[in-house]
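Given next are the chains, with one letter for each unit.
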Amino acid sequence: MKMFCYQCEEAMDNKGCTTGGVCGKTDTVAVLQDLLIYTLKGISSYAVEARKLGVKDPEVDLFVAEGLFTTVTNVNFDPDKISDLIEKALKLRDRIKSAFLEAYKKANDGKEWTKNLPDAATWYSDKSIDAYLAKGRGVGVLSQENEDVRSLRELLIYGLKGVAAYADHAYILGKENNDILAFIEEALAATLDDSLGADDLVALVLKAGENGVYAMKLLDEANTTKYGAPEITQVSTGTKDGPAILVSGHDLLDLEEILDQTKDKGVNVYTHGEMLPANAYPYFKKYKHFIGNYGSSWYNQQKEFDAFNGAIVMTTNCIQGPKDSYKDRIFTTGLVAWPGVEHIPDRASGRPKDLSRVIEKALSLGGLEETKGKDLTIGFSHTTLFSVADKLVDAIKKGAIKRFVVMAGCDGRHKEREYFTEVAKKLPNNTVILTAGCAKYRYNSLDLGDIGGIPRLVDTGQCNDCYSIVVIALKLKEVFGVEDINDLPISYAIGWYEQKAVCVLLALLYLGVKNIRLGPSIPAFLSPNVLKVLVDKFGIKPISTPQKDIDSMLAVGAVA
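Now for a description of the structure that goes with this document.

With that out of the way, let us pick up the environment of Tyr104. The residue Tyr104 is located in helix α3 (residues 79-107) in this model. On a C-alpha basis, the gap between Tyr104 and Met314 in space is 44 Å, while along the polypeptide they are 210 residues apart.

What follows is the structure, encoded as structure tokens:
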């Protein structure tokens, strides 16, 4: 086979993509990504040893996180850029290696370090895509022959990719937690250790969940410190006459810089996909040309971008192969890349990104015509909900709210995802849906009403804002005085697609949440034995039919 990848929900036949990714990545990109991850493991093996001697290299640590984020589904499809990252990884590996060996000699009276190192820490090649491909084909997922060890290692790595993504978002906004980066390296290095058994790997998987909680908390602090706590907001999905820029992805600093640089230039700015929650941050409301949200989740972008007569900026993951009809007006930035698509360079010397090319393109296109759209209600962060905590608790105690159903995570192409729409439609009027991520586009346009002024659809934000759902659950646990979070009247039906959702899942497992329904399919990277562990220990189960699952969720006893 040319490649093997099964990290996302769309893995071919729920087994794995072997000739090209369903996501659009070529076999060349897939193999280069395998080699990049392999090299990050080698860097990590040195970084872990160096840290024991007090040697740290912040650039190396952050690069490992960024490298992992680069390999998240729908981020970087450009073989040249990934090749550049491999070259940089080799240079940084040599740097942390030299720093460690020097520190070791100093700490051990000049003795040389003699421990045998894994190949990931020692292999080398001059920069050449052909040489990288030759190496990468031997170090991919299937290089580990034991199915269960492979499954646990990949589950850990995919969780780490989500942790790395959230941490990187926070670092961009100036919030740091170096313990998270240290754990990422510790866990990556552990995937090279053949002495670790299943119990060791399961423990690391749960620790990845723990660090997922820390990373989401860090990002929540980064977002709210800079942009204020989200407010309950009505967001228009209509359009206004005039030139326009559409901003997709997750990066709020990119959005800020786009809004700053388009001020008073006659260009309207819209959000798309996971950027929708940005409309609820107080900071962004000062921009009069910030109009609202256009379109829906990532998998509809080819149709929606084709119809959007403006410039488009992809700030993080979620890019699909651009159609020729808009390839000359879509831009990537940050870690996102697609061959032939113009890339906005990173910030230099603390200065904002230069977005003049995006603005020029928007002005040259003429723009959009005015259309009406439905208003969406967003902005229910944990701070917002705590402000109405008394009303919420009173509604639960009086029986007006019988159950919360968490339907968060990712959206995707498969028709089976209509399950989430049907669940939303069929849930009785005394239930409240808690959501985050682009999964909400399956039901956020439904008129679900409210319960005593509390909307039946509570949108807490982006996928990383699942942290708000966690905080809400922990607060309810405290209010009702229950010892076990599973005694709360909360059920979970999580839609997953990529590795950020894996991070969220592991975070919930770390917190002890059980009986999570996962769909539309069980991940292909879970071997039968590993899946059995998750079923036996945590009650993980596949979604079934909407009505059957609703009946089951509502049959669970409420809080006394």
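We now examine the side chain of Ser125. By secondary structure assignment, the location of Ser125 is in the loop between α3 and α4 (129-136). If sequence neighbours within four positions are ignored, Ser125 has contacts with Leu90, Ala131 and Tyr132.

All right, on to the layout of surface pockets then. Considered as a void within the structure, the largest pocket measures approximately 810 Å³ in volume. Along the walls of the largest pocket sit 29 residues, with Glu66, Asp168, Gly334, Leu335 and Asp346 positioned nearest its centre. For the lining of the largest pocket, the secondary structure elements donating two or more residues are α2 (58-70), α3 and α5 (147-172). It is α2 that contributes the most residues to the lining of the largest pocket, seven residues altogether. When the residues that make up the lining of the largest pocket are grouped by side-chain class, the tally is 11 nonpolar, seven polar and 11 charged. Empty space within the second largest pocket amounts to approximately 490 Å³. Along the walls of the second largest pocket sit 29 residues, with Lys41, Val139, Gly140, Ser143 and Glu154 positioned nearest its centre.

Moving on to the pattern of salt bridges. In this structure the tally under the stated criterion is 32 salt bridges. One salt bridge connects Glu10 with Arg413, and the closest N-O pair in it is separated by 2.5 Å. In this pair, Glu10 sits in the segment before α1 (27-52) while Arg413 sits in the loop between β9 (403-406) and α13 (418-426), placing the two residues 403 residues apart along the sequence. Its relative accessible area of 3% is what places Glu10 among the buried residues. Because the salt bridges share partners, they merge into one network encompassing Asp84, Glu87, Lys91 and Lys127.

Moving on to the packing of α1 against α4. Taken N-terminus to C-terminus, the directions of α1 and α4 make an angle of 75°; their axes are 8 Å apart at the nearest point. By the angle class used here, α1 and α4 are roughly perpendicular. Across from Thr28, Val31, Leu32, Asp34, Leu35 and Tyr38 in α1, the residues of α4 making contact are Tyr132, Leu133, Lys135 and Gly136. Class assignment of the residues belonging to the contact of α1 with α4 gives a composition of six nonpolar, two polar and two charged.

A word on the sheet that holds strand β2 (residues 244-248). Paired through their backbone hydrogen bonds, the strands of a sheet run either parallel or antiparallel. The six strands lie next to each other as β4-β3-β2-β5-β6-β7, forming an open sheet whose pairing is parallel. For this open sheet the edge positions go to β4 (290-293) and β7 (342-344), each flanked by a neighbour on one side alone. Ignoring strand direction, the axes of neighbouring strands in this sheet form an average angle of 25°. Examined bridge by bridge, β2 and strand β3 (residues 268-271) share four bridges and lie parallel to one another. Paired with Val247 across the bridge in β3 is Thr271. The strands touched by helix α8 (residues 252-262) are β2, β3, β4, β5 (311-314) and β6 (330-333); relative to β3, the strand with the most contacts, the crossing angle is about 165°.

Cut-offs applied
Within each chain, residues carry numbers counting from 1 in the order of the written sequence. For a predicted model such as this one, the threshold for reporting local features is a pLDDT of at least 70, and the threshold for listing and counting side-chain atom pairs is 80 or more; totals across whole chains, interfaces and linings nevertheless cover every residue. The side-chain numbers reported here are obtained from all heavy atoms of the structure, hydrogens and water having been left aside. Strands here mean DSSP runs of E at least two residues long; helices mean DSSP runs of H or I at least four residues long; both are numbered from the N terminus. Contacts are assigned to residue pairs that have any heavy atoms within 4.5 Å of one another. In this analysis the probe radius is 1.4 Å and the grid spacing 1 Å, with only protein atoms considered; a cavity is a set of points the probe fits into but cannot get out of, a pocket is an open set with protein on both sides within 12 Å along at least five of seven lines, and lining residues have an atom within 4 Å of a point. Grid points are joined across faces, edges and corners, and a volume is the space filled by probe spheres set on the points. When residue character is reported, Ala, Val, Leu, Ile, Met, Phe, Trp, Tyr, Cys and Pro are called nonpolar, Asp, Glu, Lys and Arg charged, and the others, Gly included, polar. The rule for a salt bridge is simple: a side-chain nitrogen of Lys or Arg has to be within 4 Å of a carboxyl oxygen of Asp or Glu. Each residue gets one of three labels from its accessible area relative to the maximum for its type: buried under 20%, exposed over 50%, partly exposed in between, using a 1.4 Å probe on protein chains only. Throughout, an axis means a line fitted to C-alpha atoms (over the contacting stretch in the case of helices), and angles, computed between N-to-C directions, take values from 0 to 180 degrees. Comment on the angle field: the value is read as roughly parallel under 35 degrees, roughly antiparallel over 145, roughly perpendicular from 65 to 115, and oblique elsewhere. Strands qualify as paired when DSSP identifies two bridges or more between them.

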